[in-house]
Amino acid sequence: IGVGGFKTAHTGWLTPMAPLKAGPGSVAWDKIVSKRPYHKVFTTPTATMGPYKIAHYSLVDKLSKLFREANILYWAKSLLKLTYDFIDHCIASSSEPPPFLIPRVRFVEAGLALAYHQGSSKPGSKTGSTHTVFLLEEFIDSDGEEFIKFIHNMDANPLVD
C-alpha cells in the first residue's frame with residue numbers, strides 16, 4: 001500500500017484458526033493491512049536527507065516497537081470509550097441536548113501477529129521460534145463514502161482540511 005514515516009504497509013488477508021466474533025478475522029480471508037517498522041539507511045553515512053534504502057529492524061527491536069504501538073492503541077481506544085461514555089451519560093441526564101453535533105470518531109481495529117518458523121533446513125532457524133512480527137490493522141474501504149483521517153503518526157495535529 002505504501003511507505004510511511006517509519007512503517008511499511010501491505011495488503012493482506014487474515015483467516016484465524018478460530019474465527020473471531022467481530023472485527024478483523026471474523027470472516028474467512030478478511031482483508032487487512034500488515035505493517036512493519038523500518039529505518040532509513042542513507043547512501044551517505046552522514047546524510048539525513050536524500051536517497052535511502054529501507055532496512056527492517058531486528059526481531060527484538062520490531063517486537064518492542066510494535067508491542068509499544070499496539071499497547072498505546074489499546075489504551076487510546078479505552079480512553080476514547082471512557083470519554084464517549086461520559087458524554088453519553090451527561091447528555092442522558094441533561095434536560096436538553098447540546099446545541100452542537102458531537103462527532104463520533106474511532107481508532108482502527110488492530111493487533112499483533114507473530115509469524116513462527118514451520119521447519120526449515122536453514123541453519124539457526126528452529127521450528128516454532130518467532131520469525132517476524134507484524135501490526136495488523138483493519139482495511140478501511142470507504143466504498144465511495146467520505147473517509148476522513150484526523151490524526152496520523154507523522155503529525156499529531158488534527159487534519160481538518
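This text gives an overview of the structure that appears in the document. (Residues numbered from 1 in each chain as written. Predicted model: local features only at pLDDT ≥ 70, side-chain atom pairs only at ≥ 80, totals over all residues. Heavy atoms only, no water.)

Here the focus is the pattern of salt bridges. Pairing between side chains of opposite charge can happen when the charged atoms of each approach one another. Inspection of the entire model under this criterion finds 6 salt bridges. In this structure, Lys-7 and Glu-69 form a salt bridge, with 2.9 Å as the shortest nitrogen-oxygen distance. With Lys-7 in strand β2 (residues 7-14) and Glu-69 in helix α1 (residues 59-93), this pair connects stretches of sequence that are 62 residues apart. Glu-138 is paired through a salt bridge with Arg-106; the nearest N and O atoms lie 2.6 Å apart. Of the two residues, Glu-138 sits in strand β6 (residues 130-138) while Arg-106 sits in the loop between α1 and β5 (110-116), which places them 32 residues apart along the sequence. (Salt bridge = Lys/Arg side-chain N within 4 Å of Asp/Glu carboxyl O. Helix = DSSP H or I, 4+ residues; strand = E, 2+ residues; numbered from the N terminus.)

What follows concerns a nonpolar patch on the surface. There is a patch of nonpolar side chains on the surface, built from Phe-67, Leu-112, Leu-114 and Tyr-116 and spanning about 370 Å² of accessible area. Top contributing element to the nonpolar patch by residue count: β5, with 3 residues. Along the chain, Leu-114 turns up in strand β5. For Leu-114, a relative accessible area of 35% gives the class partly exposed. (Patch = residues over 30% accessible without salt bridge, like charges linked within 9 Å, V, L, I, M, F, W, Y side chains within 5 Å. Areas by Shrake-Rupley, 256 points an atom, 1.4 Å probe, with all protein chains shown as cover. Buried < 20%, exposed > 50% of the residue type's maximum accessible area, 1.4 Å probe, protein only.)

This part is about the side chain of Lys-7. Look at Lys-7 and you get buried, because its relative accessible area is 9%. Within the structure, Lys-7 has its side chain in polar contact with the side chain of Glu-69 (distance 2.9 Å). (Polar contact = N/O pair within 3.5 Å; in protein donor to acceptor, adjacent residues only side chain to side chain.)

Further remarks concern the pairing of strand β3 (residues 30-42). As defined by bridge partners, β2 adjoins β3 across 8 bridges and the pair is classed as antiparallel. Of the residues in β3, the one forming a bridge with Lys-7 is Pro-37. Two elements, β3 and strand β4 (residues 52-56), share 5 bridges in a ladder whose sense is antiparallel. Within β4, the residue paired with His-39 across the bridge is Ala-55. (Pairing = 2+ DSSP bridges.)

Time to look at the packing of aromatic side chains. Under the defined criterion, the tally for this structure stands at 2 aromatic pairs. Where Phe-42 meets Tyr-52, the ring centres are 5.8 Å apart and the plane angle is 65°; that geometry is what we call edge-to-face. Of this pair, Phe-42 sits in strand β3 while Tyr-52 is found in strand β4, placing the two residues 10 residues apart along the sequence. Centre to centre, the rings of Tyr-74 and Trp-75 are 5.9 Å apart; their planes meet at 85°, and the pair counts as edge-to-face. Per residue, the accessibility class of Tyr-74 equals that of Trp-75, and both read exposed. (Phe/Tyr/Trp six-rings, centres within 6.5 Å; stacked < 30°, edge-to-face > 60°.)

Further remarks concern the side chain of Thr-132. Looking at the secondary structure, you find Thr-132 in strand β6. Classification of Thr-132 by relative accessible area gives buried; the value is 5%. Among the polar contacts made by the side chain of Thr-132, one reaches the side chain of Lys-62 at a distance of 2.8 Å. Not counting the four nearest positions on each side in its chain, Thr-132 is found in contact with Leu-59, Lys-62, Ala-113, Leu-114 and Ala-115. (Contact = heavy atoms within 4.5 Å.)

What is shown is where atoms sit, not what they do.
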